Amino acid sequence: MKLVGIVGSSAEVSYNRTLLKYIKKQFKSMFDLEILEIKEVPMFNQSDDQTNSEVIQNIHRKILESDGVIIATPEHNHTIPAGLKSLLEWLSFKIHSLEDKPVMIVGASYYDQGSSRAQLHLRQILDAPGVNAMVMPGNEFLLGKVKEAFDENEDLKDQRTIDFLESTLEKFIKFVKLVSVIEEPKETVAKPEDLYATGKVDTTIEGVDMAADDWVEQAAKAVNAVEGNTYVKLDRGILTVDQLNYFLASMPMELTYADHNNQFLYYNYTKEADEMLASRTPGQAGNPLANCHPESKFNSVSWVIQQLRSGATDAVRVHVPTHGPDKYVVHNYQAMHDKEGNYKGINEYILDFKPIIDWYLKQTGQKLVGDVDAVSGASQNDSHGGVDAVSSASVKG
Ligand SMILES: Cc1cc2nc3c(=O)[nH]c(=O)nc-3n(C[C@H](O)[C@H](O)[C@H](O)COP(=O)(O)O)c2cc1C
């Protein structure tokens, strides 16, 4: 089970952070807890929308990907700190990250009442229609007199407190499971995918026929694309276009780039189509994804893109068993994002894992035991067909 813990304090030294770190460490056999900070969250301001900032999008994505959330709130003047309130405002303004998400509240503070008033307020806030979280009823964990609660290893000292914390977490896990049964599976994306790429994104090269065999040459001319020994400045390095090509061509996998407008822009062309694990031809570059697949596969292709575009997952993997027992070919669809966390398309890499697995077994002196069903892909749970979501209608068999 994957949980997210939100530290409700911006302080450099925070007892609520210590509490979450303790929960992560002490109860690691019960769940994975990823701790998120609110220090960088900007003050909420409706007139200066920062929903798409990296910090908000990152928290949003982590919450969506989690099974449940634990919020550790301090108490400031009988309520929750402004920083935590700001975060909840961002998460209920243009996006609704906590909607129907199981949430447990914990809190640590100096005094006997240990954040009880802040916890009550937090419950009300999480219940507001814009937030609409599924807050676990009861099950309060209040850690008062916090200055004396932890030892020098940042472990809770009192065994009864530890036992009580454990019992509340056990109840929360049951609650998370219950909510997942009650909840209807959500449609991941409201809008259907436009596989014909009729829209336009900021990088779309206009005025060139996407289906043209020489789209690359025409599009390069239209935008004065650099080539050859011209230098390109990258995030952390400078390469010539030639060097970039050498680099990408030497990747031990077939790489394909389809943008967020569902246009197939690039593949690392090193082999002829019939030698590839998934055939591509030079003329395919520039085509909308609809031109790269038979109509019967459109639903599967859309499903993969929607998973990635919506943030439901960052990677979809499909084992394609039709290459025989000497290969273990996997099509990996990896979402690409810009620095602000906006979806920017799919990086598809197709890789035969067999040589890697063989190398690993040899290096470590291990052997595979039992039957490996390399032909029928018995262990894969892809219900959407072995489709190449980016650029090839037929998976090579
Ligand atoms: C402005 C301010 C107001 C506070 N008000 C309360 C309060 O109402 N109740 C309380 O129990 N502690 C209060 N405290 C003390 C907090 O419990 C204490 O600072 C605690 O360490 C905050 O949690 P943190 O360490 O995770 O930041 C207050 C602290 C500050 C700075």
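### Points about the overall build of the protein chain
When you go through the protein chain residue by residue, the secondary structure sums to nine helices and 13 strands. Dimensions along the principal axes, computed over C-alpha positions, put the protein chain at roughly 75 × 60 × 40 Å. Buried positions account for 43% of the 397 residues belonging to the protein chain. Within the protein chain, residue pairs in contact and separated by at least 24 positions form 69% of the contacts whose partners lie at least 6 positions apart. The centroid of the 39 positive side-chain charges in the protein chain is displaced by 6 Å from the centroid of its 57 negative side-chain charges.

### With respect to the site of the ligand
Near the ligand the following residues occur: Ser9, Ser14, Tyr15, Asn16, Pro74, Glu75, His76, Asn77, His78, Ser109, Tyr110 and Tyr111. For the ligand, an oxygen atom lies 2.7 Å from a polar atom in the side chain of serine 9. Histidine 78 has a polar backbone atom sitting 2.9 Å from an oxygen atom of the ligand. Relative to its free-state accessible area of 610 Å², the ligand is covered by the protein chains to the extent of 76%. Looking at the shell around the ligand residue by residue, the class counts come to four nonpolar, seven polar and one charged.

### Remarks on the confidence of the model for the protein chain
As a general rule, the predicted coordinates of low-pLDDT regions are not to be interpreted in detail. Scored by pLDDT, the protein chain comes out at a mean of 89, with 91% of its residues at no less than 70. Here residues 392-397 is a poorly scored stretch, pLDDT under 50, and it has 22 contacts once near neighbours within four places are set aside; other chains count.

### Remarks on the packing of aromatic side chains
A full pass over the atoms with the stated rule returns 11 aromatic pairs. Between phenylalanine 44 and tryptophan 90 the ring centres are 4.7 Å apart and the planes differ by 70°, which places this aromatic pair in the edge-to-face class. Of this pair, phenylalanine 44 sits in the loop between strand E2 (32-36) and helix H2 (54-65) while tryptophan 90 sits in helix H3 (residues 82-90), and the two are 46 residues apart along the sequence. Taking relative accessible area as the criterion, phenylalanine 44 reaches 21% and is therefore assigned partly exposed. Look at tryptophan 90 and you get buried, because its relative accessible area is 0%. Aromatic pair phenylalanine 141 and phenylalanine 164: ring centres 6.2 Å apart, planes at 25°, arrangement stacked. Taken together, the positions of phenylalanine 141 in strand E6 (residues 141-143) and phenylalanine 164 in helix H5 (residues 159-182) put the pair 23 residues apart, joining distant regions of the chain.

### Quick notes on a nonpolar patch on the surface
Residues Tyr15, Tyr110 and Tyr111 make up a contiguous nonpolar surface patch of about 350 Å² in total accessible area. Tracing the backbone through its elements, the reader meets tyrosine 15 in helix H1 (residues 15-26). Using a relative accessible area of 32% as the deciding quantity, one classes tyrosine 15 as partly exposed.

### Quick word on the sheet that holds strand E13 (residues 343-352)
The sheet built from five strands is open, its strands ordered E10-E9-E13-E12-E11 with antiparallel pairing. Every interior strand has two partners, whereas the edge strands, strand E10 (264-267) and strand E11 (315-320), have only one. Along the sheet, successive strands turn relative to each other by an average axial angle of 20°, direction set aside. Strand direction decides the pairing type here: E11 and strand E12 (residues 329-337), joined by six bridges, are antiparallel. Bridge assignment links arginine 317 to a residue of E12, and that residue is asparagine 332.

### Side note on a negative patch on the surface
Judged by side-chain charge, Asp209, Asp213, Asp214 and Glu217 come together as a negatively charged surface patch. When you line up the elements, aspartate 214 lands in the loop between H5 and helix H6 (215-222).

### Topic: the nonpolar core
Grouped together as the largest cluster of nonpolar side chains are 29 residues, with contacts concentrated most on Leu19, Ile23, Ile70, Leu143 and Leu165. Within the residue set of this core, elements represented by two or more residues are strand E1 (2-7), H1, strand E3 (68-72), strand E4 (102-108), E6 and H5. For this core, the element with the highest residue contribution is H5, accounting for eight residues. Residues contacting isoleucine 23, with those up to four places away along its chain left out, are Lys28, Phe31, Leu33, Leu165 and Leu169. If you look at the next biggest cluster of nonpolar residues, it comprises 27 residues, including Ile38, Ile63, Ile80 and Leu122.

### Observations regarding the pairing of E12
By the criterion of burial, E12 is predominantly enclosed, with seven of the nine residues buried. Two elements, E12 and E13, share nine bridges in a ladder whose sense is antiparallel. The partner of valine 330 across the bridge, within E13, is leucine 351. Between E12 and E13, which pair antiparallel and follow one another directly, the connecting turn spans five residues, one of which, glycine 341, has a positive phi of 90°.

### Notes on the environment of glutamate 140
Examined against the element boundaries, glutamate 140 turns out to sit in the loop between strand E5 (134-135) and E6. Separated by 24 residues in the primary sequence, glutamate 140 and phenylalanine 164 have C-alpha atoms spaced 10.0 Å apart.

### Here we look at the packing of H1 against H5
Packed helices, taken two at a time, are described by the angle between their axes plus the distance between the axes. Direction vectors running N to C along H1 and H5 enclose 75°, while the axes themselves pass 12 Å from each other. Taken together, the axes of H1 and H5 are roughly perpendicular relative to one another. Of H5, the residues touching H1 (which contributes Leu19, Tyr22, Ile23 and Gln26) are Ile162, Leu165 and Leu169. Classifying every residue of the contact of H1 with H5 gives six nonpolar, one polar and no charged.

What counts, and at which threshold
Residues numbered from 1 in each chain as written. Predicted model: local features only at pLDDT ≥ 70, side-chain atom pairs only at ≥ 80, totals over all residues. Heavy atoms only, no water. Helix = DSSP H or I, 4+ residues; strand = E, 2+ residues; numbered from the N terminus. Buried < 20%, exposed > 50% of the residue type's maximum accessible area, 1.4 Å probe, protein only. Contact = heavy atoms within 4.5 Å. Lys, Arg positive; Asp, Glu negative; His and termini not counted. Charge placed at Lys NZ, Arg CZ, Asp CG, Glu CD. Near = heavy atom within 4 Å. Polar contact = N/O pair within 3.5 Å; in protein donor to acceptor, adjacent residues only side chain to side chain. Areas by Shrake-Rupley, 256 points an atom, 1.4 Å probe, with all protein chains shown as cover. Nonpolar A, V, L, I, M, F, W, Y, C, P; charged D, E, K, R; others polar. pLDDT = per-residue confidence, 0-100. Phe/Tyr/Trp six-rings, centres within 6.5 Å; stacked < 30°, edge-to-face > 60°. Patch = residues over 30% accessible without salt bridge, like charges linked within 9 Å, V, L, I, M, F, W, Y side chains within 5 Å. Salt bridge = Lys/Arg side-chain N within 4 Å of Asp/Glu carboxyl O. Pairing = 2+ DSSP bridges. Axes fitted to C-alpha atoms, helices over the stretch in contact; angles between N-to-C directions. Core = buried A, V, L, I, M, F, W, Y, C linked by side-chain atoms within 4.5 Å. Parallel < 35°, antiparallel > 145°, perpendicular 65-115°, else oblique.

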